[in-house]
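# Commentary on secondary and tertiary structure
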Amino acid sequence: MSKRKILFKRDRTFGEIKKRYTKASAGILKSPSPSQADLKKIRERIVKQRKKQIIITVLATIISTVVVTVGIHLIYKNLVSQNLQKWEAKDVYYKRQQAEEYKINIKEGLEKMEAGNYFIAIGNFSEALDNAPNDSLAEYQLAYAYCLLCKIEKKGCSRAFRLVEELSLKHPKNLHYLLLEVNYLQRH
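The notes below deal with the structure included here. (Residues numbered from 1 in each chain as written. Predicted model: local features only at pLDDT ≥ 70, side-chain atom pairs only at ≥ 80, totals over all residues. Heavy atoms only, no water.)

### Structural notes on the side chain of Asn131
Locating Asn131 in the fold gives a position in helix 5 (residues 118–131). With a relative accessible area of 15%, Asn131 lands in the buried category. A distance of 3.5 Å separates a polar atom in the side chain of Asn131 from a polar atom in the side chain of Glu101. The residues touching Asn131, leaving out its near neighbours within four places in the chain, are Gln98, Glu101, Tyr102 and Asn105. (Helix = DSSP H or I, 4+ residues; strand = E, 2+ residues; numbered from the N terminus. Buried < 20%, exposed > 50% of the residue type's maximum accessible area, 1.4 Å probe, protein only. Polar contact = N/O pair within 3.5 Å; in protein donor to acceptor, adjacent residues only side chain to side chain. Contact = heavy atoms within 4.5 Å.)

Below, the structure written as structure tokens:
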């Protein structure tokens, strides 16, 4: 207990403290200094340890980077494949639904043309073209409905002329458009 009191007393001078620590470390300070060969061996050992640490750090960094990159790639690939499957399923459903709507619009358009409702038939064929762009059947039926509307009801003639002309240029080998023009769109 008395030693502890001495340690924590503040009335010691710098000289007393120096003397005390010098006595305590006398054995350490009096050891002979290492030779140049010993110092060289110590330096070589330290350099080898540093090289090993650098190699281990670089390898650990490379391995962790590869593991993380592969992990991210697998996660990304999994997410993309899941989303792609969902998109494909939606696309198949949407195309199937469009195909059904296309068939219904063509069927209703033909029924309306037989009934003499050319304007409504034009709407049905236009919707069919929205569901199946560039479909030759829907294009022809739309042009035919416009031609009948022009010949019978004397309406939509300018649109009929333009449409038949556009489709004749688009399908130059199809003579049906030429027949539509000759049979239904005689300019007076």
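### Topic: the nonpolar core
In terms of nonpolar packing, the biggest core is built from 27 residues, with Met113, Phe125, Leu142, Ala143 and Leu185 touching the most fellow members. The set of elements that each furnish at least two residues to this core consists of helix 4 (36–115), helix 5, helix 6 (136–153), helix 7 (157–170) and helix 8 (176–184). Among the elements that take part in this core, helix 6 stands out by supplying nine residues, more than any other. Residue contacts for Leu142: discarding those within four places in its chain leaves Ile122, Phe125, Ser126, Leu129 and Leu163. (Core = buried A, V, L, I, M, F, W, Y, C linked by side-chain atoms within 4.5 Å.)

### Topic: the state of the cysteines
For the structure on display, the rule yields one disulfide. Cys150 supplies the cysteine sulfur nearest to Cys147, a cysteine that is in no disulfide, at a spacing of 7.1 Å. Accessibility expressed as a relative area gives 0% for Cys147, which makes it buried. (Disulfide = S-S within 2.5 Å.)

### Thoughts on the pattern of salt bridges
In a structure, side chains of opposite charge can pair up when their charged atoms sit close to one another. Under the criterion given, the structure shown has one salt bridge. In this structure, Glu139 and Lys170 form a salt bridge, with 2.5 Å as the shortest nitrogen-oxygen distance. Of this pair, Glu139 sits in helix 6 while Lys170 sits in helix 7, and the two are 31 residues apart along the sequence. What makes Glu139 buried here is its relative accessible area of 6%. (Salt bridge = Lys/Arg side-chain N within 4 Å of Asp/Glu carboxyl O.)

### Focus on the packing of aromatic side chains
Scanning all chains against the criterion turns up two aromatic pairs. Their ring planes at 5° and their centres at 6.0 Å tell us that Tyr140 and Tyr144 sit as a pair that is stacked. Here Tyr140 pairs with Tyr144, and both are found in helix 6, just four residues apart, close to one helical turn. Owing to a relative accessible area of 22%, Tyr144 belongs among the partly exposed residues under this scheme. (Phe/Tyr/Trp six-rings, centres within 6.5 Å; stacked < 30°, edge-to-face > 60°.)

### A few points about the packing of helix 5 against helix 6
Where helix 5 meets helix 6, the axes come as close as 9 Å, and the angle between the chain directions of the two elements is 160°. Our classification of the angle between helix 5 and helix 6 gives roughly antiparallel. Read as a crossing pair, helix 5 and helix 6 show a hand that is left-handed. Taken together, the residues of helix 6 that come into contact with helix 5 (itself represented by Tyr118, Phe119, Ile122, Phe125, Ser126, Ala128 and Leu129) are Ala138, Glu139, Gln141, Leu142, Ala145, Tyr146, Leu148, Leu149, Ile152 and Glu153. Of the residues in the contact of helix 5 with helix 6, the class split is 13 nonpolar, two polar and two charged. (Axes fitted to C-alpha atoms, helices over the stretch in contact; angles between N-to-C directions. Parallel < 35°, antiparallel > 145°, perpendicular 65-115°, else oblique. Left-handed = near helix turned anticlockwise from the far one by under 90°. Nonpolar A, V, L, I, M, F, W, Y, C, P; charged D, E, K, R; others polar.)

### Things to note about the packing of helix 7 against helix 8
Contact geometry for helix 7 and helix 8: axes closest at 9 Å, N-to-C directions at 155°. By the criterion of interaxial angle, the relationship of helix 7 to helix 8 is roughly antiparallel. As helix 7 packs across helix 8, the resulting crossing turns out to be left-handed. For the pair formed by helix 7 and helix 8, the contact residues are Val164, Leu167 and Ser168 on the first element and Tyr177, Leu178 and Glu181 on the second. Here the residues of the contact of helix 7 with helix 8 sort into four nonpolar, one polar and one charged.

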